[in-house]
Structure formats: structure tokens, C-alpha cells
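Structural description and commentary
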Amino acid sequence: MLAYTPLMLALPLAGFIILGAGGNSLPKWLVNLIGCGSVALAFILALTDFFAYGASSAPYDIVLWRWVTSGTLEIHAGLLVDKLSIIMTMVVTGVGFLIHIYSIGYMGEDPAYERFFAFMNFFITAMLLLVLADNFLFLLIGWAGVGLASFLLIGFWWRKPSAVKAAQKAFVVNVIGDFGLMIAIFLLVGKTGSLNFTDTLFARAGLFSAGDQTTTIIAFMLLIAAAAKSAQLPLHVWLPDAMEGPTPVSALIHAATMVTAGVYLVARCTAIFSAAPYALETVGIMGGASALFAATAALFQYDIKRVLAYSTMSQLGYMFMAESVGANSAAIFHLTTHAFFKALLFMSAGAVIHALHGEQDMRKMGGLRKKLPVAFWSFLIGGLALAGIPPFAGFWSKDAILGAIFTQAGATGSAWEYVLWMIGVITAILTGLYIFRLIFVVFYGSYRGAEQKSSGGRFAIHEAGLAMTDPMTALLALSIIGGFDGVPGVDTIGNYLQSAIGLSPAAQGSQLVILLFVGVLAAAGGIFIAWQLYLARPFRFTPNKNPLYQLFANAYYIDALYNAVIVQPIVQLGSGLNTLLETWTLDGGSRAIAGGVDLLSRALRKLQSGYARNYALSIVIGALLIVAFVVLNH
Amino acid sequence: MSANILAFSAVAALAIASGIGVIAFRNAIYSALSLIVNLLSLALFYLILNGMFIAAAQVLIYAGAIMVLFLFVVTMLSSDKAELQTSDRISWQRLVGVIAGIIFAAAASFLLLVHAQIAPDAAAQGSNNLFTQISAPGSGNTEAFGMALFHGFLFPFEVTSAIIVAAILGAVVLGRRSRAKSED
Amino acid sequence: MAVSLNSYLIVSAILFSIGVIGVLVRRNPLVIFMSIELMLNAVNLTFMAFANALGSVDGWVFVFISLTVAAAEVVVGLAIIVAIFRTRKEIDIDEMNTLKG
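The shown structure was predicted, so the numbers you read here are calculated from the model rather than taken from an experiment. Per-chain numbering applies: the sequence of each chain, read as written, is numbered from 1 onward. Chains and ligands are labelled by the order in which they are written, letters from A for the one and numbers from 1 for the other. Only residues with pLDDT of 70 or above have their local features reported here, since the model is predicted, and side-chain atom pairs are shown and tallied only from 80 upward, although totals for entire chains, interfaces and linings are computed over all residues. Hydrogens and water are ignored here; the side-chain numbers use all heavy atoms of the structure.

Within chain C, the regular secondary structure consists of three helices and zero strands. For chain C, the succession of helices and strands along the chain, N to C, is α-α-α. Each residue is assigned to one of three classes by its accessible area relative to the maximum for its type, calculated with a 1.4 Å probe on protein chains only: buried under 20%, partly exposed between the two thresholds, exposed over 50%. Looking at chain C residue by residue over its 101 residues, the buried ones come to 67%. We call two residues contacting when some pair of their heavy atoms lies within 4.5 Å. Considering only contacts in chain C between residues 6 or more positions apart, those separated by 24 or more positions represent 57%. In these tables, accessible area is a Shrake-Rupley quantity obtained with a 1.4 Å probe, and a residue counts as shielded only by the protein chains included in the view. For chain C, the exposed surface amounts to about 3,100 Å²; the carbon and sulfur share of it is 75%. Every helix listed is a DSSP run of H or I at least four residues long, and every strand listed is a run of E at least two residues long, numbered separately from the N terminus.

Right, dumping it as C-alpha cells:
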């Protein structure tokens, strides 16, 4: 059955080609069938792969064709099935399928409906390529492909200038990451002479040795790639802006799947990172800083989707923190649960936005609990899962990470790792705070927006259709039960992944109980603060001049900083060069040449007098010159 | 000074004088008459050069046919005073043209007199393959010319006839008043 | 003694130059045409002179052919001049100056 894995890529690709080439002439039900059906089949294939692979531990390599042969370097277009890629494909296709179904409802009114599904299918193809590639070059194609899909989908509503700008921003930042990955690939070829995972990552021990400078550089380059793709500091700036895209896109690409590509890359390249301690430490610094940064930035956002965007960034920070202490399986565990509950949160946010006809500002919401029960319950369950309240999914995965960090800190005695754990706990408090602030402000209190009247004159806020609520229900169930495969002590998923990416350190015994207690306490504390601030007294928006508030609300002014330090100088340089090179040198030069030719021809056209006798004279002069030549040579 | 040289000098003087006459007379009729004299003097040159047939052809074709045509057109267009009625718009070319012509003649004469002694190539003269030989110097050589024309140069000769037919057709077409105009 | 070849060539050159001057100086197309005939004949003279000097009748053939071509050319040329005169009612070659830059 594993041999059918290429079909998993081919089906969404075929969907993309059919919908992209002829989608506008197909009836809507057929677009739905192709768009969702291809992903559904891919999900079934992923499930069959899971069962077919079973408990095996040897990576199953499928070579499609020989792609590049250059000297001893040989690169195949090949797919690699192992437990890590199986988990990833199941998340991508499973969550992807649900979001495709959701899109039928959410995008139903959009005139470019089939284009949306074409791009979504393209994204699924690229993402599957990314997680299934058996060599770095093939991975790079998927890596760039998801960047392209992200660009296309963020800018899907291309008539909106802000969407176009956001798409460009995402693309540019992602290209920085692509560049890092490319450098890493070059160095890897130079060091090992191969790009296949089998020859590099899974090769004999000692290929990447600690203290080897090239290995460290490769690891750092991979880290840049991961940071750009997973929106970690300092390359996170594109993610909040990416919320300009349609909400299903935010759910699929910018919450559940694409942004986790960086986590996947680091987990996949464990062999390299474990030989580069500095890089691994930087992963932890980056993850911790991003987690804390994003959690604080999420505290005072008023755009419902931006809160979730910063939350995503913060949760990705958790995953990188886990990876920095070698808890790859905990990171992947959190990746899966996060995909469930964050997609759920985005979907419910989409349902709210959809019901309010595009309104995203929390200040204009409120009291929606009665009007939108499904969205409310989804938000509540998703929020509890995100905050880490047992028994919901996020609790188990987040505590697996915190437990791993604490255990590792205890094992190595590193003060820094205790600091990392502290950051994790503080971020957990903040997480409970910001997500329940969102829930309380949106669903409790009284409605603060403009009255929405339907043609019948009644209050027109109503629940979304089944196409949207069904996938939400499915994810709601997954957000409740999705964490049980990682219950401490049993840790099904960790044991499953052990052969692929190693076993995570985990807390034991009384330490485990204390840590679980601390985790629940942190989450509950955050929720309690939110309750105190936003529910105990009626919410009223008041501008706050507190510098700390301003710092958080503006996400530490990093956008402004980049704009001032990087963007503006480049724009200035560009306009300077435009004036200097384009206007003065090139334009001026060509105008001078044209002017010279013009002047010359003004003079020369006098020769063209129109008098036949003049022309005869020029013949004679020519003859005279020949005669003169002959005479002078005699 | 032999008779040959005397005759040559007289004919040369006549040819040059009449040639100047062609371009100097303001009246186009006089120019045409000067040209007839010039062509006749060239016929005399051809006689001196043993080319009896060509001399006769020169007189018949040029003097007899072409110049008659010229005179017809000159009189028909009554353009004898044309150049007097309008001013020369590129009068500077009058001087430049004369100087250029004189330089041209002077340079050619200089080359011919001083440097380039063009003598018949002895080797070429003796070769029967390269040239059709004049059979008997002094006589008319018309027979030799006929042989050359109808053997060696038959194809160019026939082509000439085609050119003449084309010219006749062209003249007819150009000379005919267009139908559209005649219907006005 | 016979007249040298170069003498004929000089006369020919002079006649040719006269023809050139005529073309450059005169404005009456008929006279220009005559000047061109003059130049043609000057060239014919060189052919005849060379033929005599080389003892060959080939030059005669060239002269004969150029005579016929000249006749054809005159026929067509005069027809053109007549046609132009018919449409423009004037006979100054400088009036035909629309071909200018």
C-alpha cells in the first residue's frame, strides 16, 4: 500500500490543474467534488499509509525518477514514508479536508470560488511534497511551493490593497527562509556529497559531529528557513498581516499546516541539530522569545484574527522550545493538537466574521453567545484546549513540552533551560488570558456593533450553514480527544515517533504531578485574570496610554523598526538609484543619443533636397573621389 | 603631322565644340542640333577607326531615329524657353558642376597623358581565343562583325530585341492618355 | 603614324565630362537627356578605340548593343517626359522635388 503514496500528491495536483485550467466552466457541485474529494482521497491514502507502515521503523523510500545526476551527486525525485511524514500527512490531509469542506460554506458567495479551491489544492500538493520529500532539493520545492500558495491565498482578494501588500510581505520574508534553506543545501552537498535523507540524516553516526563548523552553519541556515516559515522572531512580521487572506486560508496555512513546516524541518534534521549545540540553543532562545513576545502582543489586539495569529506564533514558539531540549516528539505532538484546536479557533472566528458580514473588530462584537451557539462552543473548547485545561488536547501536549524542558533542565542542570521553562509557564498564563479575553469580549456582554438588519427587518446574525458547522464539530471532537494519544506515562504518539525522531525526555512520578498541577494553575490563572478584567465588569473600550500597553498592542513596534531600518533605506536607495541611474544615466544617456541622432539627421536631411540634380552631383563627387584615389596612387 | 592626325584633330575639335554646344545653348532646339553634329562627328571617328558598319549604324540610329524623336518632343513641348522663365533654385550647383566636370576631364586626361600608357596587350593581341579578330585591316570588316554578332554574341543580340519590344510597349503605355482622364 | 589610343580616350573623357556638366547644370529634362546621350556616346568611342587598338571586333558588338539600348531608353525616357509634362504643365526638373527629407 505504501507504493500508492505518490497518488497522495497526484490527486490534489490533478485537482489544482483541473480547477485552475477549467474550473470556471464547471458547475459548483463539481468544483466542490474535485476540490474536497481530491483531499479526502489523499487523507484516505495517508490513513492507509499509517496502517500499512505499522510498527516498522525503516524509512520507506519511493524513487519516482532520477532527477539530477552530476558527477557523484545523484538526486532522485523521491518520496520518503516514515512515521514522522505519516503523522504530518495525516494532519495536513485530515485538517486540510475539513477546512476544504468549511470553505464550501465560507467562500460560497465568492465569484472566484474555483480559483480558491485550485489554490487550496495546490497548497495541499506542495505541503505534502514538503513533508514527503526524500531529499533536500525536493523538500525545497515543496517549501517554496507552500510559500507561493501562501502568497496566492493571502492575496486572494487582490482588489484589496492591504491584502496585496500582506501577500508581498509574506512572500519576501518567506524567500529569506528559502534562501537560508538553499545555502544549507549547498553546504550539505559540499559536506556530504548527497542530498538524500538516507545518505545524510539517516546515515551512520558521526557524519555530523559536534563542533564541526560546517554542520553548525548548516544548522543555522536551516534555522533561518524554519524561522521564516514558522513566523518566529525575528522573521515573524508576515504572519499577523497574513490574516488579510480568507479565514479558511488562515486556518489551514497560517495555523494548522504551513507554519509548522519549520517545526517539521527541525525535527527532520535532528541529526544535524543535535551535532550543533549552538544552533539548538538558538532554537530554544528563538522559540522562547517568540512564545513570550507573541503572547504579550496578543493581549491587546482588537482584530479577532490577529489575536489568533499571534497565538499561533506563540504556540509555534513552544514547539521550537521543545525541539531545543530534544523533545521532538513532544513538539510534533503539540503540532498535531495545535492543528486541531487552532484550526477550530480560526474556523469559529470565521463563523463569527461570516455572521457579521466581514466584521473583524472585537470592539464591535459582543453578546454573540446566544446568536452563534456552535461558534461559541467551538471557541470555548478551542480556547480551553489552547489555554491548557484538562482534559482538552492542548493540555497534554503543552505539558509534555513543559515537562520535557523541566526534566531536561534537571538532567543537565542548565540554568538557561529553567529560564526556558519559566518562559513557558508565563506564556501559559498569558495564553489563558488573551484567549479568554477574546471569548469574553466577543461572546459575552452586549452587542456593540451596528444593527444588522435583514430584508425582513429582524436581527440578521445567524449561524453558518452545515458546510461550516460540520467540520467545526469534527475538529471540536478532535480538540477534546486529540490529546489522549500523548497522556503522560502512556505517550502513544511519542513511542510511535521514537524510531523516527527519538524519544522526548518526560517528567516522572511526583515531579510529573507537580508539573501538571503548575500547568493547570497557570492556565486557570490566566483565565481568572481574563474573567476579572473582561467579564466581571462590562467591557468598554477605552484608549490606553500606558507605554507597556502601547508596546504590546503594537507588537513591540517591530514592524515600524523594520520599516525604518530595512524597508525605508532600501526604498530610499531604490529611488536614489532610480533618479541617478534610471533618470539621469540611462534615460539621460539614451535621450542624449536620441538628441544627437536627431540633430545629425536634421543636418543630414538637407542633403535629401529632392532635386534630382543634387543626387547626380553626389554620384559625380563619388566618381571624383575614386578618380582622386587613382591619381594620388600613381 | 600626318593626315591621320590632322583628321583626328579636326574631328576631335568638332566633337568637343558640338558637345559644349549641347549643354551651352539655352534653346533646346539648338542643343538637339548640336547633339546631331556631335553624333555625326563620332561617326567620323568610327570611320577613322575602321568601323564602317558602326559608323553607318550610328548615323542611321542616332541621327536618323533618336534625334528625330528628340526634335519632335522638343517642339511638341515648346520648352525652348523653359529655363529662362524660372530661376535656378540651386544656382550654386552651376559652378560646382562645371568645376567637377572640368576636374574629372583634367584628371582623366592627366592620367592618360602622363602616367597610364594603355597599350594593347601583346599576349592578348596574339590570342585567337580571346578576341574575334579583324580579318583584314583597312577593309570594312563588316563580315567579321557579322560573324561576331551572330555567333559569339547571338544571345545578347537576341536579348536586345526583347529590350526593344519592352521599350516600345512601355512607350505605348506611357504615351496613351489614361481612360479615366479621357472620360472626364 | 596612327593616332594613339590615348588621344581617343582623352577626347572621350572630355566628351563624357561635358555630359556630366550638362546633367548637373541644366534644368530642362530634354537637355539633360541629351547630355546623357553624350555620355553614352563618349563611352562608345572608347569601345571603338579599344577595339581598333586590340584588333578585335568585340568592341563593336558592345557599341552596337549600346546603340540599340540607347534607342530603347530614349523612347521610354521621352515618353515619361511627355507624360509628366501632360500632368504638370511644366518642364523644370527642379519642380519634381517631392522626394525630399
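Text resumes after the structure shown.
Here we come to the overall build of chain B. Secondary structure summary: chain B contains nine helices and zero strands in total. For chain B, the proportion of its 184 residues judged to be buried stands at 36%. In chain B, 45% of the contacts between residues at least 6 apart in sequence involve partners at least 24 apart. Split by element, the accessible area of chain B, about 10,400 Å² in all, is 70% carbon and sulfur.

Moving on, we come to the nonpolar core. Side-chain atoms within 4.5 Å link the members of a nonpolar core, which is a set of buried Ala, Val, Leu, Ile, Met, Phe, Trp, Tyr and Cys residues. Core analysis: the biggest nonpolar cluster contains 212 residues, and Ile272, Phe273, Ile435 and Phe436 of chain A have the highest contact counts within it. Residue contributions to this core peak at 18 residues, all from helix 14 (residues 328-355) of chain A. Those residues within four positions of isoleucine 272 of chain A in sequence are excluded, and the remaining contacts are Phe136, Leu188, Leu201, Phe208, Thr215, Ile218, Ala219 and Leu222 of chain A. Core analysis: the second largest hydrophobic core is formed by 65 residues, Ile23 and Val74 of chain B together with Val11 and Phe33 of chain C among them.

It is worth spelling out the pattern of salt bridges at this point. Residues and elements named next belong to chain A. Salt bridge criterion: a side-chain nitrogen from Lys or Arg within 4 Å of a carboxyl oxygen from Asp or Glu. Counted under the stated rule, the structure contains nine salt bridges over all chains. Salt-bridge contacts for arginine 66 lead to glutamate 74; the nearest nitrogen and oxygen are separated by 3.7 Å. Accessibility expressed as a relative area gives 55% for arginine 66, which makes it exposed. Its salt-bridge partner being aspartate 82, residue arginine 268 comes within 2.7 Å of it at the nearest N-O pair. With arginine 268 in helix 10 (residues 261-268) and aspartate 82 in the loop between strand 2 (73-81) and helix 3 (83-106), this pair connects stretches of sequence that are 186 residues apart. Aspartate 82 sits in the buried class, given a relative accessible area of 3%.

Only residues whose relative accessible area exceeds 30% and that form no salt bridge enter a patch; like-charged residues are grouped when within 9 Å of one another, and nonpolar side chains (Val, Leu, Ile, Met, Phe, Trp, Tyr) when within 5 Å. Taken together, the side chains of Leu561, Val565, Ile566, Val567, Ile570 and Val571 of chain A present a nonpolar region at the surface, about 520 Å² in accessible area. Inspection of the secondary structure puts isoleucine 566 of chain A in helix 22 (residues 558-604).

Turning to the interface of chain B and chain C, a few remarks are in order. The partner chain C presents 74 residues to the 90 residues of chain B that form the contact. By convention, the term buried area covers the 1.4 Å-probe accessible surface removed from two parts as they join, with the contributions of both added. Taking both sides of the interface into account, the surface hidden between chain B and chain C amounts to around 7,300 Å²; carbon and sulfur atoms contribute 73%. Seen at the junction of chain B and chain C, the total is zero salt bridges. Polar contact criterion, stated in full: a pair of N or O atoms within 3.5 Å, where within protein one must be able to donate a hydrogen and the other to accept it, and residues adjacent in sequence count only if both atoms are side-chain atoms. Here chain B and chain C share eleven residue pairs in polar contact (both at pLDDT 80 or more) between them. Secondary-structure elements contributing two or more residues to the side of chain B that touches chain C are helix 1 (3-24), helix 2 (28-48), helix 3 (52-77), helix 4 (82-85), helix 5 (92-115), helix 7 (142-152) and helix 8 (154-175) of chain B. Examining the composition of the side of chain B that touches chain C, we find that 13 residues originate from one element, helix 3 of chain B, more than from any other. Three residue categories are used. Nonpolar comprises Ala, Val, Leu, Ile, Met, Phe, Trp, Tyr, Cys and Pro, charged comprises Asp, Glu, Lys and Arg, and polar comprises the others, including Gly. Looking at the side of chain B that touches chain C, its residues break down into 58 nonpolar, 23 polar and nine charged.

Time to look at the interface of chain C and chain A. When the parts come together, some accessible area is lost, and that loss is often what is quoted as the size of the interface. Facing 14 residues of chain C, the contacting portion of chain A comprises eleven residues. At the boundary of chain C with chain A, total buried surface from both sides reaches about 1,000 Å², with 59% on carbon and sulfur atoms. On the surface where chain C and chain A come into contact, there are zero salt bridges. Where chain C meets chain A, there are two residue pairs in polar contact (both at pLDDT 80 or more). Per-element accounting of the side of chain C that touches chain A gives the leading share, four residues, to helix 1 (residues 5-25) of chain C. When grouped by side-chain class, the residues that make up the side of chain C that touches chain A number eight nonpolar, two polar and four charged.

Shape descriptors only; they carry no functional weight alone.
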